[in-house]
Every structure is written in structure tokens, then in C-alpha cells.
Amino acid sequence: MRKEDLNLSLIVSCQPVPGGAMDEAIFVSGFARAALAAGARALRIESAAYVEAVRAAVDAPIIGIVKRDLDDSPVRITPFIADVEALADAGADIIAFDATDRPRPATIEALIAAIKARGLLSMADCSCVGDAKRALDAGVDFVGTTMSGYVGGPEPVEPDIELIAAMRELTPHVIAEGRIRTPEQAADAVRAGACAVVVGSAITRTEHVTSWFDDAVSAAFSERDDATLAIDIGGTKTLAALVRGAQVLGKTTIATSRQAGPDAWLAAIAEHAHSWAGRYERVGIAATGLISDGRWSALNPATLAIPDGYPLAAQACKLFGKPAFAVNDAQAAAWGEHRFGAGANEDTVFLTISTGIGGGVVVNGRPLLGLAGHFGLLRGPTNGQSPLEDVVSGRWMAAEAARAGYPAEAPEIFRKAREGAGWAEAIITQSAARVALLCRDIQMMFAPKRIVIGGGIGLAPGYLDAVGAQFEGLAPHLAPRLVAASLGSNAGIIGAADLAGRHR
């Protein structure tokens, strides 16, 4: 085929979610035929097996790629000459490859030479103008914006229209690809100078499209509905708030009298929230400890002494006269960050590092409840001697400072470290190293897109960097991606309110 054959075309990327319900040749071929019937001019297909299956079903141009996770290179798209050969044998017309300036098994020049040796066209998946310049100098036929936003740092949400325009200054053969989810965005890409536009998830990944609609519908329901009375019961204070969606309409703080017990705590909340009567339709409760089927038990009685199996949700329902839902406070915060904060609606593990360590897990758009996420109580990292939080948290830092002859609480320890005090730096480094090991284990267990870190210690200046420094030299696909929590102290009440709305 000729390069001009792709001009003014829509290309549909038929790449199912790996391991998903559509990850079979019959579905990929079906998506390909449907896309072409509706007006697409070409296809982008992953793996030699799927290229072969689609080639047997259609005559349209196919851009073929192979994706691999390598231990010694971050390059994932068609990294080897052997991949080029396999795609060519399978029937690809164009072969695309990662053209970013990173360590790679085969050079860009070698990949292009192998593609041309088979009489095929080549496409460089670029992250920036520099990538495009190098690929064009090496003789590539098309440059694409595929890798923009995927070589480090936060992943953008919108397509990189500016990069399309910048590449158009270099060559007319620019293929726009990456995060193009609406017809309007596709049209913007054309206006910026693209000769062709690739659309993938918005057309052929049912899981992704469904999640986008679910998020939008859930947010709209939250905005339309009446507010939720959200309660976050902690060891020293309780926060009560009126919440609608991610908006906190009002809140009040109540001291938690440790000796009073849960009946008295709920009564105090009811008294303080009296002025909100009639403004909420449900109650969402986040509380420290274990909550299972609405019943509350202590995991660490030193935090709060709770009668085992206390019917928290039922008592709140009786007291407030509204449906009530109860969840662990860190799990509620994890959901809040996932839905409205730094979790960005992706698979998320949340860690709050403060006087202890709390955690929550959100996988496939669902929070794991019950015992899941209580990472601070793990004993493996301490060889069974004590819970992990006892050798990481703010309490441990203060104890270590006193043992070293420098009595100080965590905020003072961080201040001394910034001033260059070696003893303070050593305490922070040791805590960060243990949290880094925890994050590596979490990555292996859940493979989250991001681990959101919150809490007074977790968000202290320099702590997140100290944890991240422990991942240097780790293969990119093994290194956890750490991001700072963004909802602050409101994460728990926002998460509890949203979960309560979903459990009506």
C-alpha cells in the first residue's frame, strides 16, 4: 500500500482488555468488521495471532503491533525484530513501534530496516516532537502521538492536540492517537493537522466505555440526590458532614470521648447534626477498626475499645431515622480518592500513614471491604514480632527519636531532617524504606494503577520522595506508581457518603 492510502481516514484500534471478556479472536474480528462497515478505513491490531485472524476476515489496511512487558526496558510496543517478522508474516500492512528515547532491545533504525525489508510501511509511536524528528531522520513513514503522556509523570486525560500540530510542522503523515474518546476530540485532531485518527477504547473496549458512563451517571445521581450525612469516627475526634457528591456542604468536629462508648458517640453526633435534619436522606459512616455487614469490632483496642460486633449501621438507622451504611475509615477514604481524588477512577490502593497505617483497595471499580486493606497490621515485614505500623508510623518515629536522645514528635522530626539533622533523616529513611517494601508487595498482589498516599506522615514534606527513592533501579513494570492524596481530611466522609448512596 501507499502512504496516501491512509489520508483522511478513521482508524479503529481493535485491542481488547487483556484477559477481558472480549479477548478472543472471534470478538476482535467482529469489532474489525463492524468498524469497517461503519466507515473506518483501517485497523490497528495487537499480536500476530489477532492480525492473522483479522486479515482472514477483512481486506482493509492493518497496522500491526506486539505488546510486551520487559524486565530490562520500558519499551512495550513491538520491541524486537522478531516481532516485526511475525507481524509481517501475519499480514500487517503497516508495523508500528515505540519510538521513544529510552533503553530498548532493538534500535529504531534496525526496526525500520526490518520493516522496509518486508516491503511494508512503518509507524513511530512517539511521545514528543524529539521522538518524531529522530524517527523521521531514520526513515519512518508515519509518526503518531500514541506515547504522549505515557513515559512518566501523571497520565493526562485529554488528547495531545498540541503535539499533533507540532508534528504536522515536520511531516504531513501524522497519525493522531491516544485518549481520543469523543467525535469532537477526533475532529479537533483533524483540525490540528492529522492525516488519520486512531480511536480505540471509546469504540472497542466495552469495559472502559461502560466505566466512563457509570462514573458520569453515578456523579449525576449524586448531584441530583439529596445530601448524605457522613460521619468519620476516629480515635480522638469525630467528623460529621453534610455531603453531596464530592461537595462538603457543612461539617462539624466532635471530640471522641474514649470511655463513653459507641451509643454515646452516635448520640453526640445526632445532637451536633440536629440543624441538618430534613436535608439528608441517608447516613454514611466511616470508622476505625473492622466493619463487616454493618457490625463494628476493634482491630486495635488501643485506638478505640469497641464492643465486639457492635451493630453500628443498625443503631445509626434507628437513631437518625434514615438508611445507614458503615465502612472502615481507610476503605472509605480509598473510595473517596478513587472516585473524586488522586485515584482517577483507576485500580487504586490507598495508604494513610499517620499515628498508624490504614489502607483500602479498589479493584475493577469496586472497593474491597471487611479485612481487606488493613496493611498496617501485617506482621510478615517484622517477622511476626509486631504489626508493621509499629515500626513505621508517627508513634514509632517519636519513640525512635526519644531512644536516640532527641525527644520529638513527627512534625519536629521532619523539620529537623530538613535542617540536615542526621538522626532525624535516619528515622525518616527507615520508615520510608519499610513503606516502600510494603508498596512493592502491594504492587505484586494487586497490580494497582496507582498507590495513593495520605496521612500526616505520608504527606509530610519529603516523605513521598523518600519512599519513591527506594524504587530506583527497579524494572518499570514492577515499580509502584505513588501519588499524593488530594482530598485531605475529607476523603473519608466523601467516600462514605458515596458508598452509602450506592448501597441504598
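Where an unreviewed UniProt entry is consulted, the chain appears under the name Putative N-acetylmannosamine-6-phosphate 2-epimerase, with the organism given as Rhizobium multihospitium.

So, about the sheet that holds strand β11 (residues 247–255). Ordered by their spatial adjacency, five strands build an open sheet running β11-β10-β9-β12-β15, and the pairing between neighbours is mixed. Unpaired on one side and paired on the other, β11 and β15 (324–328) mark the two borders of the sheet. Across this sheet, the average inter-strand angle for adjacent strands is 20°, counted without regard to direction. For strand β10 (residues 237–244) and β11, the ladder comprises eight bridges, and the chain directions are antiparallel. Within the sheet, the bridge partner assigned to K237 lies in β11 and is A255. Helix-sheet contacts for helix α10 (residues 262–272) involve β9 (227–233), β10 and β11, and the interaxial angle to β11 is about 130°. Along the sheet face, helix α12 (residues 329–340) touches β9, β12 (280–287) and β15 and points at about 100° away from the line of β15.

Now for the state of the cysteines. Following the criterion strictly, the structure yields zero disulfides and no others. Free of any disulfide, C14 has its nearest neighbouring cysteine sulfur in C195, separated by 18 Å.

Turning our attention to the pairing of strand β4 (residues 94–98). Each regular strand shows side chains that alternate between the opposite faces of the sheet. For β4, a buried count of five out of five residues is recorded, marking the element as mostly surrounded by other parts of the structure. Judged by which residues are buried, β4 turns out to be covered on both faces: I94, A96 and D98 on one side and I95 and F97 on the other are all buried. Where strand β3 (residues 62–65) lies against β4, two bridges are found, and the strand directions are parallel. Bridging from a neighbouring strand, I63 pairs with I94 of β4. Regarding topology, helix α3 (residues 81–90) serves as the crossover connection from β3 to the parallel β4, and that connection is right-handed. Summarising the sheet, β4 and strand β5 (residues 121–125) pair through five bridges and their orientation is parallel. Its bridge partner lying in β5, D98 is registered against D125. After leaving β4, the chain enters helix α4 (residues 108–117) and then returns to the sheet as β5, a path that is right-handed.

It is worth spelling out the environment of L136 at this point. Examined against the element boundaries, L136 turns out to sit in helix α5 (residues 129–137). Taking relative accessible area as the criterion, L136 reaches 25% and is therefore assigned partly exposed. For the pair L136 and T171, spaced 35 residues apart in sequence, the C-alpha to C-alpha distance is 8.4 Å. Filtering out sequence-adjacent residues up to four positions away, L136 remains in contact with V143, L170 and T171.

The rules behind each value
- Residues numbered from 1 in each chain as written.
- Predicted model: local features only at pLDDT ≥ 70, side-chain atom pairs only at ≥ 80, totals over all residues.
- Heavy atoms only, no water.
- Pairing = 2+ DSSP bridges.
- Helix = DSSP H or I, 4+ residues; strand = E, 2+ residues; numbered from the N terminus.
- Axes fitted to C-alpha atoms, helices over the stretch in contact; angles between N-to-C directions.
- Contact = heavy atoms within 4.5 Å.
- Disulfide = S-S within 2.5 Å.
- Buried < 20%, exposed > 50% of the residue type's maximum accessible area, 1.4 Å probe, protein only.
- Right-handed = clockwise from strand over helix to strand, strands pointing away.

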